[in-house]
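A look at the structure
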Number of protein chains: 2
Amino acid sequence: MFLENIYLNNFKNYSEVSLTFSEGINSLVGKNGSGKTNLLDAIYYLCFTKSAFNAIDIQNIRHEQPYFAIRGRMKKHEHDYAVSCSLKTGHKKRLKLNNKDLDRASELIGLFPAVLIAPNDGSIITEGSEMRRKFFDGMMCQLSRTYLQNLVHYNHTLKQRNTLLKLLAENSNPDADLLDTYDVQMIVKGTQIYHHRKNFIEKFTHLLNKHYDFISSEKEHVSCKYKSDLDQNEFKLLLRESRNRDVSLQRTSRGIHRDDVIFEIDNYALKKFGSQGQQKSFLIALKLAQFDIMEQDTNTKPILMLDDIFDKLDDDRIGKLLKLIDDHFFGQVFITDARPERTMQFLNRVESPKKIFEIEDGFVIRERSYES
Amino acid sequence: MFLENIYLNNFKNYSEVSLTFSEGINSLVGKNGSGKTNLLDAIYYLCFTKSAFNAIDIQNIRHEQPYFAIRGRMKKHEHDYAVSCSLKTGHKKRLKLNNKDLDRASELIGLFPAVLIAPNDGSIITEGSEMRRKFFDGMMCQLSRTYLQNLVHYNHTLKQRNTLLKLLAENSNPDADLLDTYDVQMIVKGTQIYHHRKNFIEKFTHLLNKHYDFISSEKEHVSCKYKSDLDQNEFKLLLRESRNRDVSLQRTSRGIHRDDVIFEIDNYALKKFGSQGQQKSFLIALKLAQFDIMEQDTNTKPILMLDDIFDKLDDDRIGKLLKLIDDHFFGQVFITDARPERTMQFLNRVESPKKIFEIEDGFVIRERSYES
């Protein structure tokens, strides 16, 4: 699968631009603030119907303009797809596939798989458990509708249960039996989610290790361990034991909504003991494992977007990454870099077909093609 | 002022190492995970008596060792200072200045001014108001003991007031008049803090603009605006108006503990609309302004530590930064970089005396000196 071309209108710092991409590597170079990441974000919009960086759609409209539009043509398994996403101030976001309006974003999500590696992703490692749950849930929801439905159901019941706990704590005389009903629902869904996560993370860990060992030349080893309240006890027992405490806390203190995934490097916490470069290598391995799993499941190589990832990696690790690109492990790749001479130096080592786009203030001022 | 040499024992990934530094530029190069940032952190310990990266001192001891020790010799205004910081498991951290034990960290802090620019600092821009208050408070507390005392007093009273609000909300019959007493104290200290911040940030903004304009060649303009509940109303009035709400919220909803500093780029929120490179440039300008203010106040050029800052900056902006170094705007500088050939390329353009340390797995495997 690959994105053949894109057209942007009033998107972020772009007034109007139309680009035709290489099936291989597309390198976006330009000075700080020129609009490299914004172009990646437009591609992200076509795949995920939303921005990777700014959740408020309207803020992605070019300043003082009334709308933005992004259109692209994708090629997947020998079929052509015209996909577009546009937004007018005061209106709903509009999604189209092959000139047909789509009612829901979910009709598009998953159709064009993509993996973005961006500097901000570091929060998956450095922040609290919520970020890691979000990362894994995001992947698992894309790959299993059952998982998605279980998760939605669980979270909905959890919210109701917490509201009830609040009322109980305030002695507002609510229906206390309702708690039993909620508990049963949470136990059923929660236990399914637990087993699903356990299996998935086990499978994922193997891929993660494979990629980390490759990137680091096995200089150090990492691991990724699933940690849940349900590891030691049945969920039913946990909820029963903690009921009194839950009422006084006014929230559900045990359950799969508190799960974490522990990242380690040579048996120490990666967050505390990994260097910046090691954390970056880990993040890349994490995303490459995601790429693997998505490819296996969708039978399509996702579009890979690498935003400023050369930073902080030493030459050995960059070399390894380029080798993956050159060995056609990936399909279409987009790379941004603020320093053109560095990119040229790297790309010279790579045989794949490539295109370099020089960006300046929301304009593509030069485009060069290199076919192998 | 400069750090002449340092001795590390069991600190992070260093078993034992002793280094003599250049008065000019010291460049630390090595692969990911070799220990570049750890060396900067040891210098940070000597200046601030704590780690810049890990608040839990004990986790900075080399794995499976019982203690760490850092010793350094500083030269400041023609005087020599021997400073050391050590920690033994199960004991208090030990600080020494010229072989005399120090009782409190505050005896050392401020004596050796230093400014660190690290990738994690991005949170000052991207996170909530608390990070910005912390950044500005940190600077202002170092420069004014009155400010520090006012802030400690205010925060203490705020805590007491919130506890009282909690008791009032629970109808536990506490002394309601106490609220008036707390209010008076908060009004006095809070108003002083407000005026202090207002003046300081105004002065700071001029320096910030100067540095940003220089780094970006005036390509875009930034601003930094102080925003406080006290801008529109007297604190007394605010507390009176919000008292009922405060009781139901069980916390003080108005006051200088909610202040923010708004960063903008070309009149739009930097956090939302600044590119990664622009945010990085802003962060550097922020730290250079801090450098300026500290130099003015202490009559000493702080030690400058640049951790991986070439990343994400385009060549123009890196050139500007190197010009500052070469024009002796700074004193002693420490730079880390994972890619030696890049560093060499940059340092070749700089006339200042310099030393390059090649680091591998907690050892300095090579050291080269270049005097101009």
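For clarity, every value in this text was computed on a predicted model and none was experimentally measured.

Parameters at a glance
- Residues numbered from 1 in each chain as written.
- Chains lettered and ligands numbered in written order.
- Predicted model: local features only at pLDDT ≥ 70, side-chain atom pairs only at ≥ 80, totals over all residues.
- Heavy atoms only, no water.
- Axes fitted to C-alpha atoms, helices over the stretch in contact; angles between N-to-C directions.
- Helix = DSSP H or I, 4+ residues; strand = E, 2+ residues; numbered from the N terminus.
- Parallel < 35°, antiparallel > 145°, perpendicular 65-115°, else oblique.
- Left-handed = near helix turned anticlockwise from the far one by under 90°.
- Contact = heavy atoms within 4.5 Å.
- Buried area = accessible area lost by both parts, 1.4 Å probe.
- Salt bridge = Lys/Arg side-chain N within 4 Å of Asp/Glu carboxyl O.
- Polar contact = N/O pair within 3.5 Å; in protein donor to acceptor, adjacent residues only side chain to side chain.
- Nonpolar A, V, L, I, M, F, W, Y, C, P; charged D, E, K, R; others polar.
- Expected span 1.5 Å × (residues − 1).
- Buried < 20%, exposed > 50% of the residue type's maximum accessible area, 1.4 Å probe, protein only.
- Domains from an automatic or database assignment.
- Pairing = 2+ DSSP bridges.

**Structural notes on the packing of helix α5 (residues 178–215) of chain A against helix α8 (residues 276–298) of chain A**
All names here are of chain A.
- The contact between α5 and α8 brings their axes to 8 Å, and the two run at 125°. Between α5 and α8, the interaxial angle falls into the category oblique. Relative to α8, α5 is oriented so that their crossing is right-handed. In contact with F200, K203, F204, L207, L208, K210, H211, Y212 and I215 of α5, α8 contributes Q278, S281, F282, I284, A285, L286, L288, A289, Q290, D292, I293 and Q296.

**A short note on the interface of chain B and chain A**
- The partner chain A presents 36 residues to the 36 residues of chain B that form the contact.
- Across the chain B to chain A interface the summed buried area is about 3200 Å²; carbon plus sulfur atoms make up 41%.
- Put simply, chain B and chain A have six salt bridges between them.
- Salt-bridge contacts for A:K31 lead to B:D316; the nearest nitrogen and oxygen are separated by 2.7 Å.
- Applying the counting rule to chain B against chain A returns 18 residue pairs in polar contact (both at pLDDT 80 or more).
- Elements supplying a minimum of two residues to the side of chain B that touches chain A: α7 (270–273), α8 (276–298), α9 (315–326) and α10 (340–347) of chain B.
- Tallied by class, the residues present in the side of chain B that touches chain A amount to eight nonpolar, 11 polar and 17 charged.

**Focus: α8(A)**
Residues and elements named next belong to chain A.
- For α8, built from 23 residues, the straight-helix expectation of 33 Å at 1.5 Å per residue is met to within 8% by its first-to-last C-alpha distance of 33 Å.
- Within α8, 19 of the 23 residues are buried, leaving the element largely enclosed by the surrounding structure.
- Positive phi shows up at N299, right after α8, with a value of about 60°.

**A few points about the side chain of A:N9**
All names here are of chain A.
- Considering the arrangement of structural elements, one finds N9 in strand β1 (residues 2–11).
- A relative accessible area of 12% means that N9 is categorised as buried.
- With residues near it in sequence (within four places) discarded, N9 still touches Y14, S15, E16, Y67, F68 and A69.

**Some points on the domain arrangement of chain A**
Residue and element names in this part refer to chain A.
- In terms of domains, chain A is made up of domain 1 (1–113 + 300–371) and domain 2 (128–297).
- Opposite the 19 residues of domain 1 that make contact, domain 2 presents 20 residues.
- Both faces considered, domain 1 and domain 2 share a buried interface measuring about 1800 Å² in area, 70% of it formed by carbon and sulfur atoms.
- The interface formed by domain 1 and domain 2 contains two salt bridges.

**Comments concerning the pairing of β1(A)**
Residues and elements named next belong to chain A.
- Taken across its 10 residues, β1 has 10 buried, putting it largely inside the fold.
- Taken together, the six bridges between β1 and strand β2 (residues 14–20) define a ladder with antiparallel strand orientation. Along β2, the bridge assignment pairs I6 with L19.
- Adjacent in sequence and paired antiparallel, β1 and β2 are bridged by two residues, among which K12 carries a positive phi angle near 45°.

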